[in-house]
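So you can see what is in the structure, the chains are spelled out below.
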Amino acid sequence: MYFFGIVMRLSREDEYDNDYGWTAKVDMVKKRSTVLAKTTWMSVCRVGQEDPCRVFHALKVGFSLTLVSLLYLLEPFFKGIGQNAIWAVMTVVVVLEFTAGATLCKGLNRGIGTLVAGSLAFFIDLVAQESGQVFRAIFIGAAVFFVGTGATYMRFFPYIKKNYDYGVVIFLLTFNLITVSSYRIHNVLKIAQNRFYMIAIGCGICLLMSLIVFPNWSGQHLHNFTASKLEGLATSIEACVAEYFSNEELVAKESSEDPIYKGYKAVLDSKSTDETLAMHASWEPCHSSNCERVPWQHYVKLGDVLRHFGYTVVALHGCLRTEIQTPRSVRALFKDPCLQLAGEVAKALMELADSIRQRRQCSPEILSDHLHQALHDLDAALKSQPKLFLGPSSNANNSMLAMAAARQNSSLPSVKTDSSALVQWRTKRAANEQAKDFADRKSSLRPTLSKITITSLEFAEALPFAAFASLLVETVARLDLVIDEVEELGRVGNFREFCTGDDKVCCKPTKGKDASLQNHLPSHGVD
């Protein structure tokens, strides 16, 4: 009985443990589900808050698909159109892009490609009908070969590849579908007409939603993106110099959390984005008040100049991660002029960004006297500490190096003979003499080499700051190229003249429609 009671108690404890284990697992699953739901909801809200145009675009796509689906859902439309209505749905899914320029580019390419392919297929079918069945098959096969080869080869031309590549693909698809099916189906003209009409209806709905309902222009995105890149570079330079002279230890940060890296990353990765937005903007109609054509390719040229400027900022950022660092006491001697110089460069970049954002000419005093004064102050500070960069006595170092080299060369023995009989004896004797001379030379050269090494280390500690200061001055030199390109953009783009009240420069990046271009979720369509 005692044993039976123990077994019953253990079984009850096991049941309790099993119930408690399942309860803990269920609670853990509930907790993880709650965390996952909250994280997902926060991500969904964040994407919409970064760029509200994404929400409008999603609604426009949903409404367009619902509208074009009526061709299937309503009986009168389906009786007149039939299964060809699917081409309208496919067109809306493929053509409707985030910006109006991308939608125009794809819509016109699809429409023109379909029209040309249908016309050519009808012509080939008309010629093939006058021949026999065998010759017709050979003629259609030859036509498909030559047209496919020629159209594919045309895609390698840069101009065709850049502007009409999608249209050539649609041309090949439509031409082959109609031409090959015409061998078995005799009403090929009706098939081409129905498909063209459906594609035209789909393209019309896409263009209507893109150009009329909350239009989102590629040119405006490119304009705002260019201004945000200038602001990002300004933020990176100022933060980089401030971190270099901070009292905290320089520690490598994660790239995703480093504000310096975030500032210039968008500039370095902007080449394909600039070219795509500029190409799409060239398809857009004039939508400004003055209705003047904007030189979008000048934005691409400005992007190239900004990338070259960004390379200097990357090198400046790399000085914070070098293994050998200048001591804080040495860096503190040049802190004020470097911070002032970085502030003036950032201020000039902010002024350029503000002028582009407001579509006005740059301020005549963008290169102010404060920038030149900061350069002179940095130059004077460097000249006031020559020993940091030249060493305590460069002449003494040269003489010690020469003395060490002379002693080393004079102490090396030379054993050379043509007699094989005396080789072993002379080798043994030379080895003994070398060992004795090496011991004497080692004791005499040790203090000299140690002194040279110490001097070299002192010189190496100042080298990282010399590189940092050189790159900081290089940003001023490259700033002139950026200013020239921005002024050229303002002149060609007919920006308004600078007024006295326009000299208030915003020191923080503007948050708005271009915020979407500063994250990792692209809003624009890229072919």
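In this text, all values refer to a predicted model and were calculated from it rather than measured experimentally.

Asks: Would you mind showing me how to read the nonpolar core here?
Replies: Inside soluble globular proteins, nonpolar side chains tend to come together where they are buried. In terms of nonpolar packing, the biggest core is built from 55 residues, with Phe309, Leu349, Leu352, Phe468 and Leu479 touching the most fellow members. If you list the elements that add at least two residues to this core, you get α10 (218-244), α11 (259-268), α12 (271-281), α13 (296-318), α15 (335-357), α16 (369-383) and α19 (423-492). Looking at this core, the element that brings in the most residues is α15, giving eleven residues. Counting 15 residues, the second-largest nonpolar core is a separate cluster that includes Val89, Val92, Val95 and Ile199.

Asks: Quick question: what am I supposed to make of the environment of Phe334 here?
Replies: Topologically, Phe334 is positioned in the loop between α14 (328-331) and α15. Separated by 47 residues in sequence, Phe334 and Ala381 place their C-alpha atoms 6.4 Å apart.

Asks: Looking at this structure, how should I read the UniProt feature "transmembrane region" (unreviewed entry) in the protein chain?
Replies: Within this numbering scheme, the UniProt entry marks residues 55-74, 86-105, 112-128, 134-154, 166-184 and 196-214 as carrying the feature "transmembrane region" (unreviewed entry). End C-alpha to end C-alpha, residues 55-74 measures 28 Å, and it is 95% helix and 0% strand. The span residues 86-105 is 80% helix and 0% strand, and its two end C-alpha atoms sit 22 Å from each other.

Asks: Would you explain the confidence of the model for the protein chain in this entry?
Replies: Here the protein chain averages 75 in pLDDT, while 72% of its residues score no lower than 70. Highest mean pLDDT in the protein chain belongs to α13 (90); lowest belongs to helix α18 (residues 394-411) (42). A low-confidence stretch, residues 441-457 (pLDDT under 50), is modelled with 13 contacts involving residues beyond four sequence positions or located in other chains. Here residues 505-527 is modelled with pLDDT under 50, and outside its nearest four sequence neighbours on either side it reaches 50 contacts, counting other chains as well.

Asks: Looking at this model, I keep getting lost on unusual backbone geometry. Mind explaining?
Replies: Trans peptide bonds make up the majority, and among non-glycine residues the majority have a negative phi. Positive phi outside glycine occurs at Phe214, with the angle close to 45°. In this fold, Phe214 is placed in the loop between α9 (188-211) and α10. Phe214 gets classed as exposed once you look at its relative accessible area, which sits at 54%. With a phi angle near 50°, Arg359 is a residue other than glycine that sits in the positive phi range. Relative to the helices and strands, Arg359 is located in the loop between α15 and α16. Take Arg359: its relative accessible area is 34%, and that puts it in the partly exposed class.

Asks: Which parts of the structure should I look at to understand the pattern of salt bridges?
Replies: Oppositely charged side chains can pair when the atoms bearing their charge come close. The tally for this structure, following the rule as stated, stands at 15 salt bridges. One salt bridge connects Lys265 with Asp269, and the closest N-O pair in it is separated by 3.0 Å. When its relative accessible area of 23% is taken as the criterion, Lys265 is described as partly exposed. Note on Asp269: relative accessible area 44%, which makes it partly exposed. Between Lys271 and Glu275 there is a salt bridge, and its shortest N-O distance comes to 3.2 Å. Of this pair, Lys271 and Glu275 both sit in helix α12, four residues apart, which is roughly one turn of that helix. Relative accessible area serves as the criterion here: at 43%, Lys271 is assigned to the partly exposed category. By relative accessible area, Glu275 is classed as partly exposed at 37%.

Asks: How do you make sense of the packing of aromatic side chains when you look at a structure like this?
Replies: Where two aromatic rings form a pair, the distance of their centres and the angle of their planes describe that pair. Overall, the coordinates contain 16 aromatic pairs when judged by the stated rule. Where Tyr244 meets Phe468, the ring centres are 3.9 Å apart and the plane angle is 10°; that geometry is what we call stacked. Of this pair, Tyr244 sits in helix α10 while Phe468 sits in helix α19, and the two are 224 residues apart along the sequence. Exposure remark for Phe468: the relative accessible area of 0% places this residue in the buried category. The aromatic ring of Tyr166 is capped on one face by Lys106, whose charged end is 5.3 Å from the ring centroid. The positively charged end of Lys229 is found above the aromatic ring belonging to Phe225, 5.1 Å away from the centroid.

Asks: Just checking my understanding: could you explain the state of the cysteines for this structure?
Replies: As used here, a disulfide is simply a covalent bond connecting the sulfur atoms of two cysteines. Applying the stated criterion across every chain, the model contains zero disulfides. Considering cysteine sulfurs only, Cys206 is the nearest to Cys203, which forms no disulfide, with 6.3 Å between them. Look at Cys203 and you get buried, because its relative accessible area is 8%.

Asks: Looking at this structure, how should I read the side chain of Gln361?
Replies: Mapped onto the elements of the fold, Gln361 is located in the loop between α15 and α16. Here the side chain of Gln361 touches Gly490 through a polar contact of 3.2 Å, landing on its backbone oxygen. Not counting residues within four places of it along the chain, the set of residues in contact with Gln361 comprises Ser355, Glu487, Gly490, Arg491, Phe495, Arg496, Glu497 and Phe498.

Asks: Hey, could you run me through α15 in this one?
Replies: Note on helix geometry: an α-helix contains 3.6 residues per turn, so any two residues three or four positions apart are oriented the same way. Taking 1.5 Å per residue, 23 residues should reach 33 Å; α15 reaches 33 Å between its end C-alpha atoms and fits that length. α15 sits mainly inside the fold: 17 of its 23 residues count as buried. Residue Arg359 follows α15 closely and has a positive phi angle near 50°.

Asks: Would you explain a nonpolar patch on the surface in this entry?
Replies: Together, Phe63, Leu67, Leu70, Tyr72, Leu73, Leu74, Phe77, Ile86 and Met90 make up a nonpolar patch on the protein surface, roughly 790 Å² of accessible area in all. Counting only elements with at least two residues in the nonpolar patch, the list comes to α2 (53-73) and α4 (86-95). In terms of residue count, the dominant contributor to the nonpolar patch is α2 (five residues). On the secondary structure map, Leu67 appears in helix α2. For Leu67, a relative accessible area of 36% corresponds to the partly exposed category.

Asks: Where do I start with the packing of α2 against α4 in this structure?
Replies: Each packed pair of helices is defined by two parameters, the angle between the axes and the distance between the axes. Between α2 and α4, whose axes approach to 8 Å, the crossing angle comes to 170°. What the angle tells us is that α2 and α4 run roughly antiparallel. Residues Ser64, Leu65, Val68, Leu71 and Tyr72 of α2 pack against Ile86, Ala88, Val89, Val92 and Val93 of α4. A class-by-class count of the residues in the contact of α2 with α4 yields nine nonpolar, one polar and no charged.

How each quantity is defined
What you see as residue numbers is a count from 1 along each chain, following the sequence as written. Totals for whole chains, interfaces and linings use all residues, but because this is a predicted model, local features are given only for residues with pLDDT of at least 70 and pairs of side-chain atoms are given and counted only at 80 or more. In computing side-chain values, all of the structure's heavy atoms are included and hydrogens and water are not. In plain words, nonpolar cores are sets of buried Ala, Val, Leu, Ile, Met, Phe, Trp, Tyr and Cys residues tied together by side-chain atoms within 4.5 Å. For the exposure calls, accessible area comes from a 1.4 Å probe over protein chains only, and a residue counts as buried if that area is under 20% of its type's maximum, exposed if over 50%, partly exposed in between. Put simply, DSSP H or I for four residues or longer makes a helix, DSSP E for two residues or longer makes a strand, and each gets a number counted from the N terminus. UniProt positions are given in the numbering used here, feature names are shortened, and annotations may be inferred rather than shown by experiment. Every residue is assigned a pLDDT by the predictor, reflecting its confidence on a scale from 0 to 100. It only takes one pair of heavy atoms within 4.5 Å for two residues to be counted as in contact. Salt bridge criterion: a side-chain nitrogen from Lys or Arg within 4 Å of a carboxyl oxygen from Asp or Glu. For Phe, Tyr and Trp, rings pair up if their centres lie within 6.5 Å, where Trp contributes its six-membered ring, and each pair is then called stacked (planes under 30 degrees apart), edge-to-face (over 60) or tilted (otherwise). Distance and angle both matter: a charge sits over a ring if NZ of Lys or CZ of Arg is within 6 Å of the ring centre and within 35 degrees of the ring normal. Criterion for a disulfide: a pair of cysteine sulfur atoms within 2.5 Å. Here a polar contact is recorded for every N or O atom pair within 3.5 Å, except that within protein the pair must consist of a potential hydrogen donor and a potential acceptor, and residues adjacent in sequence are included only if both atoms are side-chain atoms. The span expected for a helix works out to 1.5 Å for each residue beyond the first. Patches draw on residues past 30% relative accessible area with no salt bridge. Two like charges within 9 Å are joined, as are two nonpolar side chains (Val, Leu, Ile, Met, Phe, Trp, Tyr) within 5 Å. Computed by Shrake-Rupley with a 1.4 Å probe, the accessible areas treat only the displayed protein chains as cover when residues are assessed. Axes here mean lines fitted to C-alpha atoms, for a helix over just the part in contact, with angles spanning 0 to 180 degrees between N-to-C directions. Orientation is classified from the angle alone, with under 35 degrees giving roughly parallel, over 145 giving roughly antiparallel, 65 to 115 giving roughly perpendicular, and any other angle giving oblique. Note on residue categories: nonpolar means Ala, Val, Leu, Ile, Met, Phe, Trp, Tyr, Cys or Pro, charged means Asp, Glu, Lys or Arg, and polar means any other residue, Gly included.

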